[in-house]
Amino acid sequence: METKSKKETALKKEETKTKAETKRKDVAETKADTKKAKESKSADTADVKSKKQGSEFRDFFIDELKDILWAEKALLKVLPKMRKAATGKELASSFDAHLSETEEQISTLEQVFEMMGEKPKTKKCDAMEGLISETESIISDTEKGSAIRDAGLILAAQKVEHYEIATYGTLAAFADAMQETKVAKLLRSILRDEKKSDKTLTVLALESVNEDASEE
């Protein structure tokens, strides 16, 4: 009887020990599952946040494309006025060349919109509006047929070029950040055109216009 009692006691102890271990394992597994669930939820939240931020950046990029498209179309209207106001033949020719380039750039920007899955739209560009207003003031404030007017027109044109260079350079960098390689390539093609036009204007100013204007 005593031996049987000892065996029963040992079995009960073993059962108690087994139950305790099982309970510890269950608690540990529950904690592990809870931790995984929290990590998964955190990852999902971070993913959603990242996608939202990416969407906001893309929207900002599209908004800036609308801005520069408006700027190019506005410039397209004022370049003939600048060409007509210019005295020097080379300067007038440079405005003609820029007019053709601007038409091509508008077409390229429309391609960029399509590649981004958007319709080409414009948003008023306050910066370009101000630059155009300044250009018109230069024309009205200077004498027709003078080198001073040509110097002023070059000044106005280069302000426009520098604004466009800054804009296209930044937009291309934005496209890189979004891994829009083809879009970045198109934007940099416009950037090269703008830099080339700026260089042409600098050469004209240094070779003749500035000197002639200083002598008037």
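Residues numbered from 1 in each chain as written. Predicted model: local features only at pLDDT ≥ 70, side-chain atom pairs only at ≥ 80, totals over all residues. Heavy atoms only, no water.

### A few points about the overall build of the chain
Rules: Each helix is a run of DSSP H or I of at least 4 residues and each strand a run of E of at least 2, with the numbering of both proceeding from the N terminus. Here a residue-residue contact requires only that any non-hydrogen atoms of the pair lie within 4.5 Å. Each accessible area value is a Shrake-Rupley result obtained with a 1.4 Å probe; residue values ignore everything except the protein chains displayed when judging cover.
The helix and strand inventory of the chain stands at 5 helices and 0 strands. Ordering the α and β elements of the chain from the N terminus gives α-α-α-α-α. Considering only contacts in the chain between residues 6 or more positions apart, those separated by 24 or more positions represent 80%. Carbon and sulfur atoms make up 52% of the accessible area of the chain, which totals about 13900 Å².

### Overview of the packing of aromatic side chains
Definition in use: Two aromatic rings, drawn from Phe, Tyr or Trp (for Trp, its six-membered ring), form a pair once their centres lie within 6.5 Å of each other, and the interplanar angle then sorts them: stacked below 30 degrees, edge-to-face above 60, tilted otherwise. Only protein chains enter the calculation, and the probe is 1.4 Å; a residue is then buried if its accessible area is under 20% of its type maximum, exposed if over 50%, and partly exposed in between.
This structure, assessed with the given rule, holds 2 aromatic pairs. Between Phe57 and Phe174, the ring centres sit 5.1 Å apart and the planes meet at 70°, which makes this aromatic pair edge-to-face. With a gap of 117 residues between them, Phe57 in helix H1 (residues 2–85) and Phe174 in helix H4 (residues 147–177) connect regions that are remote in the sequence. The exposure class assigned to Phe57 is partly exposed, which follows from its relative accessible area of 28%. With centroids separated by 5.9 Å and ring planes inclined at 55°, the aromatic side chains of Phe60 and Phe174 adopt a geometry described as tilted. Of the two residues, Phe60 sits in helix H1 while Phe174 sits in helix H4, which places them 114 residues apart along the sequence. Overall, Phe60 belongs to the partly exposed group, its relative accessible area being 42%. An aromatic cluster is built from Phe57, Phe60 and Phe174, whose rings are joined through pairwise contacts.

### Considerations on the nonpolar core
Applicable threshold: Residues grouped as a nonpolar core are buried Ala, Val, Leu, Ile, Met, Phe, Trp, Tyr and Cys residues, joined through side-chain atoms within 4.5 Å.
Judged by nonpolar contacts, the single largest core of 45 residues is most densely connected at Phe61, Leu65, Leu91, Phe95, Leu109, Leu153 and Leu187. When residues in this core are grouped by element, the largest group, 12 residues, is from H1. When neighbours within four sequence positions are excluded, Leu91 is seen to be in contact with Ala86, Asp150, Leu153, Ile154, Leu201 and Leu204.

### Section: the environment of Ala151
With respect to the element layout, Ala151 can be found in helix H4. Apart from residues no more than four positions distant in its own chain, Ala151 is found in contact with Val209, Asn210 and Ala213.

### Focus on the pattern of salt bridges
What counts here: Salt bridge, as used here, is a side-chain nitrogen of Lys or Arg placed within 4 Å of a carboxyl oxygen of Asp or Glu.
Summed over the entire model, instances satisfying the criterion amount to 7 salt bridges. For Glu118, the salt bridge identified is with Arg58, shortest N-O distance 3.1 Å. Of this pair, Glu118 sits in the loop between helix H2 (89–115) and helix H3 (126–141) while Arg58 sits in helix H1, and the two are 60 residues apart along the sequence. On the basis of relative accessibility, which here comes to 26%, the residue Arg58 falls in the partly exposed class. Note that Glu134 and Lys159 form a salt bridge whose closest N and O atoms lie 2.5 Å from each other. Of the two residues, Glu134 sits in helix H3 while Lys159 sits in helix H4, which places them 25 residues apart along the sequence.

### Re the packing of H3 against H4
The relative placement of two packed helices is expressed as an angle between their axes plus a distance between the axes. Selection criterion: Every axis in this analysis is a line fitted to C-alpha atoms, fitted for helices over the stretch in contact. Angles between the N-to-C directions lie between 0 and 180 degrees. Here roughly perpendicular refers to angles of 65 to 115 degrees, roughly parallel to angles under 35, roughly antiparallel to angles over 145, and oblique to all remaining angles. Charged residues are taken to be Asp, Glu, Lys and Arg, nonpolar residues to be Ala, Val, Leu, Ile, Met, Phe, Trp, Tyr, Cys and Pro, and polar residues to be all remaining types, Gly included.
Closest axis-to-axis distance for the H3/H4 pair is 9 Å, and the angle between their directions is 175°. As summarised for this structure, H3 and H4 are arranged roughly antiparallel, according to the angle between their axes. Between H3 and H4, the residues in contact are Ala127, Met128, Leu131, Glu134, Thr135, Ile138 and Ile139 and Arg149, Gly152, Leu153, Ala156, Lys159, Val160, Tyr163 and Glu164, respectively. Tallied by class, the residues present in the contact of H3 with H4 amount to 9 nonpolar, 2 polar and 4 charged.

### Side note on a negative patch on the surface
Threshold: Residues enter patches when they are more than 30% accessible in relative terms and free of salt bridges; like-charged ones are connected within 9 Å and nonpolar ones (Val, Leu, Ile, Met, Phe, Trp, Tyr) within 5 Å. Charged residues are defined narrowly, with Lys and Arg counted positive, Asp and Glu counted negative, and His plus the chain ends left uncounted. A charged residue contributes its charge at one atom only: NZ of Lys, CZ of Arg, CG of Asp or CD of Glu.
A surface patch of like charges, here negative, comprises Glu143, Glu211, Asp212, Glu215 and Glu216. Considering the arrangement of structural elements, one finds Glu143 in the loop between H3 and H4. Judged by relative accessible area, which is 61%, Glu143 ranks as exposed.

### So, H4
Note the following rule: A helix is expected to span 1.5 Å for every residue after the first.
If you check H4, its first and last C-alpha atoms are 45 Å apart, about what 31 residues at 1.5 Å a residue would give, namely 45 Å. Backbone geometry just downstream of H4 places Gln179 in the positive-phi region, at approximately 60°.

### Some details on unusual backbone geometry
If you check the backbone angles, Gln179 has positive phi at about 60° while not being a glycine. Here Gln179 lies in the loop between H4 and helix H5 (181–215).

No statement about biological role is implied by the geometric values presented.
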